[in-house]
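# Observations on the model geometry
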Amino acid sequence: MVNEYSVKSEIGLPEIARKLLASYPDKRIFALYGTMGAGKTTFIKAICRELGVEDEALSPTFSIINEYHTHKQIPVYHFDFYRINKLEEVYDIGYEEYLFSGNYCLLEWPELIEELLPAETVKVSITGEQERIIAF
Amino acid sequence: MPPFILGIETSCDDTSASVVEGTIVRSNVTANQEIHKEFGGVVPELASRAHQQNIVPVIEAAIRRANIRKNQLAAVAFTQGPGLLGSLLVGSSFAKSFALAMEIPLIEVDHMQAHILAHFLEDPQNQRPLPSFPFVCLTVSGGHTQIVLVRDYFDMEVLGQTIDDAAGEAFDKSAKILGLPYPGGPIIDKLAAGGDPVRFSFSRPNIPALDYSFSGLKTSILYFIRDELKKDPAFIEENKRDLCASIQATIVEILMGKLKLAVEEIRDTRYAIPDHGSRIVDVAIAGGVSANSALRKALLETADKEGWNAFIPQFEYTTDNAAMIAVAGYFKFLKGDFTKQSAISYARSRW
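Conventions and cut-offs
Residues numbered from 1 in each chain as written. Chains lettered and ligands numbered in written order. Predicted model: local features only at pLDDT ≥ 70, side-chain atom pairs only at ≥ 80, totals over all residues. Heavy atoms only, no water. Contact = heavy atoms within 4.5 Å. Buried area = accessible area lost by both parts, 1.4 Å probe. Salt bridge = Lys/Arg side-chain N within 4 Å of Asp/Glu carboxyl O. Polar contact = N/O pair within 3.5 Å; in protein donor to acceptor, adjacent residues only side chain to side chain. Helix = DSSP H or I, 4+ residues; strand = E, 2+ residues; numbered from the N terminus. 1 Å grid on protein atoms, 1.4 Å probe; cavity = no way out; pocket = protein on both sides within 12 Å on 5 of 7 lines; lining within 4 Å. Points joined across faces, edges and corners; volume = space filled by probe spheres on them. Nonpolar A, V, L, I, M, F, W, Y, C, P; charged D, E, K, R; others polar. Pairing = 2+ DSSP bridges. Axes fitted to C-alpha atoms, helices over the stretch in contact; angles between N-to-C directions. Domains from an automatic or database assignment. Buried < 20%, exposed > 50% of the residue type's maximum accessible area, 1.4 Å probe, protein only. Arc of directions from axis to C-beta. Parallel < 35°, antiparallel > 145°, perpendicular 65-115°, else oblique. Left-handed = near helix turned anticlockwise from the far one by under 90°.

### So, the interface of chain B and chain A
Every contact between the two is made by 28 residues of chain B and, on the other side, 29 residues of chain A. Together chain B and chain A conceal approximately 2,600 Å² of surface at their shared face, both sides included; 53% is due to carbon and sulfur atoms. At the junction of chain B and chain A, the tally comes to one salt bridge. Ionic pairing is found between Glu129 of chain A and Arg226 of chain B, a salt bridge with its closest N-O pair at 2.3 Å. Between chain B and chain A we count six residue pairs in polar contact (both at pLDDT 80 or more) in total. Those elements that place two or more of their residues in the side of chain B that touches chain A are helix H2 (47-65), helix H5 (167-177) and helix H7 (215-231) of chain B.

### Some thoughts on empty space enclosed by the protein
Residue and element names in this part refer to chain B. Summed over the entire model, instances satisfying the criterion amount to two cavities of 30 Å³ or more. Of the voids in this model, the largest cavity is the one considered here, and its volume is about 50 Å³. Taken together, His119, Leu121, Glu122, Asp123, Asn126, Gln127, Arg128, Pro129 and Leu130 form the lining of the largest cavity. For the lining of the largest cavity, the class distribution of residues is three nonpolar, three polar and three charged.

### Details of the sheet that holds strand E3 (residues 65-69) of chain A
Residues and elements named next belong to chain A. Taking strand neighbours across the sheet as the criterion, the seven strands line up as E1-E7-E6-E2-E5-E4-E3 in an open arrangement whose pairing is mixed. Sheet topology places strand E1 (4-7) and E3 at the edges, where each strand pairs with a single neighbour. With direction set aside, neighbouring strand axes in the sheet form an average angle of 20°. The pairing of strand E2 (residues 29-33) with strand E6 (residues 122-128) spans four bridges and is parallel. Following the sheet pairing, Leu32 is matched in E6 by Val124.

### Re the domain arrangement of chain B
Residue and element names in this part refer to chain B. In terms of domains, chain B is made up of domain 1 (4-126 + 317-335) and domain 2 (135-313). Of note, the centres of domain 1 and domain 2, computed from C-alpha atoms alone, are 28 Å apart. Counting residues at the interface gives 14 residues for domain 1, matched by 21 residues for domain 2. Summed over both partners, the interface of domain 1 with domain 2 buries about 1,500 Å², with 80% contributed by carbon and sulfur atoms. Taken as a group, Ile116, His119 and Thr318 account for 42% of the area that domain 1 buries against domain 2, more than any other trio of residues on that side. Scanning the region where domain 1 abuts domain 2 turns up zero salt bridges. The interface formed by domain 1 and domain 2 includes two residue pairs in polar contact (both at pLDDT 80 or more). Mapped by element, the contributors of at least two residues to the side of domain 1 that touches domain 2 are helix H4 (111-117) and helix H10 (323-335).

### Description of the environment of Gln341 of chain B
Residue and element names in this part refer to chain B. Along the polypeptide, Gln341 turns up in the segment after H10. Sequence spacing of Gln341 and Lys258 is 83 residues, and the spatial spacing of their C-alpha atoms is 40 Å. In this view, Gln341 contacts Lys96, Ala99, Leu100 and Leu106; residues no more than four positions away in its chain are not counted.

### Some thoughts on helix H1 (residues 13-23) of chain A
For H1 of chain A, the set of buried residues is Leu13, Ile16, Ala17, Leu20 and Leu21 of chain A. The arc that holds the buried residues of H1 of chain A, viewed along the axis, is 135°, so those residues lie on one side.

### Observations concerning the sheet that holds strand E5 (residues 106-110) of chain B
The strands making up a sheet are joined through hydrogen bonds of the backbone, oriented either antiparallel or parallel. All names here are of chain B. Pairing in this open sheet of five strands is mixed, and the strands run E3-E2-E1-E4-E5 from one edge to the other. Each having just a single partner strand, strand E3 (24-30) and E5 make up the two edges of the open sheet. With strand direction ignored, the average angle separating the axes of adjacent strands in the sheet is 20°. Pairing analysis gives six bridges linking strand E1 (residues 4-9) to strand E2 (residues 16-21), with the strands arranged antiparallel. By the bridge assignment for E2, Ile8 is matched with Ala17. Packing of helix H3 (residues 85-102) onto the sheet brings it into contact with E1, strand E4 (73-81) and E5, and relative to E4 it is tilted by some 155°.

### Topic: the packing of H1 of chain A against helix H2 (residues 40-50) of chain A
All names here are of chain A. Following both chains from N to C, one finds H1 and H2 inclined at 65°, their axes separated by 8 Å at the closest point. The orientation of H1 relative to H2 falls into the category roughly perpendicular. The crossing of H1 and H2 is right-handed. Packed against H1, whose contacting residues are Leu13, Pro14, Ile16, Ala17, Arg18, Leu20 and Leu21, the element H2 presents Thr42, Phe43, Ala46, Ile47 and Glu50 at the interface. Here the residues of the contact of H1 with H2 sort into nine nonpolar, one polar and two charged.

Laid out in structure tokens, this is it:
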């Protein structure tokens, strides 16, 4: 089943983030597909807030992995594979340590590491321009 | 005689090592093909495995180029964070082992503080004034955009920062939209030189207080280019210099706007500093984007107008480097601020 939600502004994002997390209560890895400027980081901010993250979620394009903590001090990992040229680089980062940690992992540009994504990854797509369609 | 300090930086892509003598750089080395040729081998691209292959040759080169023996080192400083954990671990593990083996103190350094402390690196051939406390520093790089109130070497407060993309990322992603290779910041700077900075106008963020946002600008550039390409497929080629100049001018304007606001706020009430009258007059920039010529020019012009003393680090100490780690280590050495073998790396900023 695919759920589709349309949002006209950032104000609608918290509700969709809640629905996403509620739809997959046992899942921890969420891959966000969308072109540059689609709003991947913005939606991840909303997901992080729902998870109780206290830090501001920022773009990890340069850092590749951002680590945030919830108010219960549980880590949440925010990935961005935009800068990745070869899968080898992802191995070098030690991505398994994060993806199989049992903590929430939110992934931007997952298409660049498609073959490394675990089978249980939840795929989320963001399309549209004025009105964004979020599907999962 | 000031002590020799070894600095090690492995927080992100580059493996770097440096030896300082007090605040004077004796060597500053980043892994590249040449270092590996000296040692034999080739340089891999990214992340922790690359750091593992780089770390020994880079440190050997730093000590050799400083013309000292390793038993002359008084302490070893390393980047503790923020950064990629796997990468940080390579530097910290080496530093810990080295400190144990040489029986010298181990010093942990925060990467973001070190970017600011790079201003205190001195060049005996080229004496320049140093900023005096308290001062304001705008740290801008591919991963960070922060306005910091610097009260003392290690007494710093982040007054504002980006809530989404860093300024360097805004440069790099704009370059990507224009079809330029990554990282495109320096290429935009070069192409902008012959362009008209007011030809195109892009949306400016409207963010409260001293925080920044560059995500909306990126989207605005993206849609603008896409729409123009529909009308004229050669739009980018025909307008490349003006596009680069306009994008650069917009980013610089956003950066300088909040920096000015920060200085004004400090002069007023919120961060007023006792015994300092009401004026902060020293304003610095740091980080990789501080190499951008338009930002440098804007800082100097604003400083002229506003009566600030402007400080820009030497070019080679703007991007990630180990000399800034070593000099931060030197200032901690003076305080006797050493760390234990149990020091742990951290991925996220601590302040």
